[in-house]
Amino acid sequence: MGEAKAREFLRLMIGEASRVPDLAKFYLQEITGRGNRALLGVLEKGAATGEFSADALARFKAMPEALVAPIVMAALQRLTSNHWDEVPDLEAQMAAHLDLILNGLRPR
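Here is a short report on the structure shown in this document. (Residues numbered from 1 in each chain as written. Predicted model: local features only at pLDDT ≥ 70, side-chain atom pairs only at ≥ 80, totals over all residues. Heavy atoms only, no water.)

Summing up its helical and strand segments, the protein chain has five helices and zero strands in all. Reading the helices (α) and strands (β) of the protein chain from amino to carboxyl end gives α-α-α-α-α. Based on the C-alpha atoms only, the size of the protein chain along its principal axes is roughly 40 × 40 × 20 Å. Relative to all contacts within the protein chain whose residues are 6 or more apart in sequence, the contacts with residues 24 or more apart total 53%. Element-wise, carbon and sulfur atoms account for 61% of the exposed surface of the protein chain, whose accessible area totals about 7,800 Å². Separation of charge centres in the protein chain, based on 13 positive and 14 negative side chains, amounts to 6 Å. (Helix = DSSP H or I, 4+ residues; strand = E, 2+ residues; numbered from the N terminus. Contact = heavy atoms within 4.5 Å. Areas by Shrake-Rupley, 256 points an atom, 1.4 Å probe, with all protein chains shown as cover. Lys, Arg positive; Asp, Glu negative; His and termini not counted. Charge placed at Lys NZ, Arg CZ, Asp CG, Glu CD.)

Rendered as structure tokens:
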């Protein structure tokens, strides 16, 4: 999805989801729900192979979206800003986020 379409989608969700329950339900089931299920699957496999701590799945089961929250915030900054010189470098944010996730999930 290009930036223009992503902005349109974001505006639609923010502006209409509270007034259109079916839209909010669709978003939760088809977008957030699928993403969360995928994240939980990755956590489960990583814990099973020892790449992630044994309790990683238990820690994030109730809120797997916490794993992607920093990069979602970075994307929102880009989508909602017209002042590109004030937006942090997306590549640097992604690298920092990946480091946080991988080091935070490693077994101790």
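Now for the side chain of His 97. Looking at where His 97 falls in the secondary structure, it is placed in helix 5 (residues 90–105). What makes His 97 buried here is its relative accessible area of 11%. Setting aside anything within four residues of it in sequence, one finds His 97 in contact with Leu 67, Val 68, Pro 70 and Ile 71. (Buried < 20%, exposed > 50% of the residue type's maximum accessible area, 1.4 Å probe, protein only.)

Turning to the environment of Ala 75, a few remarks are in order. By the secondary structure assignment, Ala 75 is in helix 4 (residues 69–80). The spatial distance from the C-alpha of Ala 75 to the C-alpha of Ala 6 is 9.7 Å, given a sequence separation of 69 residues.

Counting residues in hydrophobic clusters, the biggest one holds seven residues: Leu 43, Phe 52, Ala 56, Phe 60, Leu 67, Ile 101 and Leu 105. Broken down by secondary-structure element, the contributors of at least two residues to this core are helix 3 (56–60) and helix 5. (Core = buried A, V, L, I, M, F, W, Y, C linked by side-chain atoms within 4.5 Å.)

Per the counting criterion, the structure on display carries three salt bridges. In this structure, Arg 34 engages Glu 30 in a salt bridge whose closest nitrogen and oxygen atoms are separated by 2.8 Å. On the criterion of helical spacing, the pair formed by Arg 34 and Glu 30 is a turn pair, its members being four residues apart in helix 2 (residues 21–49). The exposed category is assigned to Arg 34, whose relative accessible area is 52%. A salt bridge links Asp 55 to Arg 59, with the nearest nitrogen and oxygen atoms 3.4 Å apart. (Salt bridge = Lys/Arg side-chain N within 4 Å of Asp/Glu carboxyl O.)

It is worth spelling out a nonpolar patch on the surface at this point. Nonpolar side chains collect at one region of the surface, where Phe 9, Leu 12, Phe 26 and Ile 31 lie side by side and expose about 350 Å² of accessible area between them. At the level of secondary structure, the elements contributing two or more residues to the nonpolar patch comprise helix 1 (3–16) and helix 2. Within the secondary structure layout, Leu 12 lies in helix 1. (Patch = residues over 30% accessible without salt bridge, like charges linked within 9 Å, V, L, I, M, F, W, Y side chains within 5 Å.)

This next bit is on the environment of Gly 35. With respect to the helices, strands and loops of the structure, Gly 35 is situated in helix 2. On the basis of relative accessible area, Gly 35 is assigned to the partly exposed category, the value being 31%. Each C-alpha atom of the pair Gly 35 and Met 13 lies 17 Å from the other, and the pair is 22 residues apart in sequence.

From the geometry alone we can't say anything about function, so treat these as descriptive.
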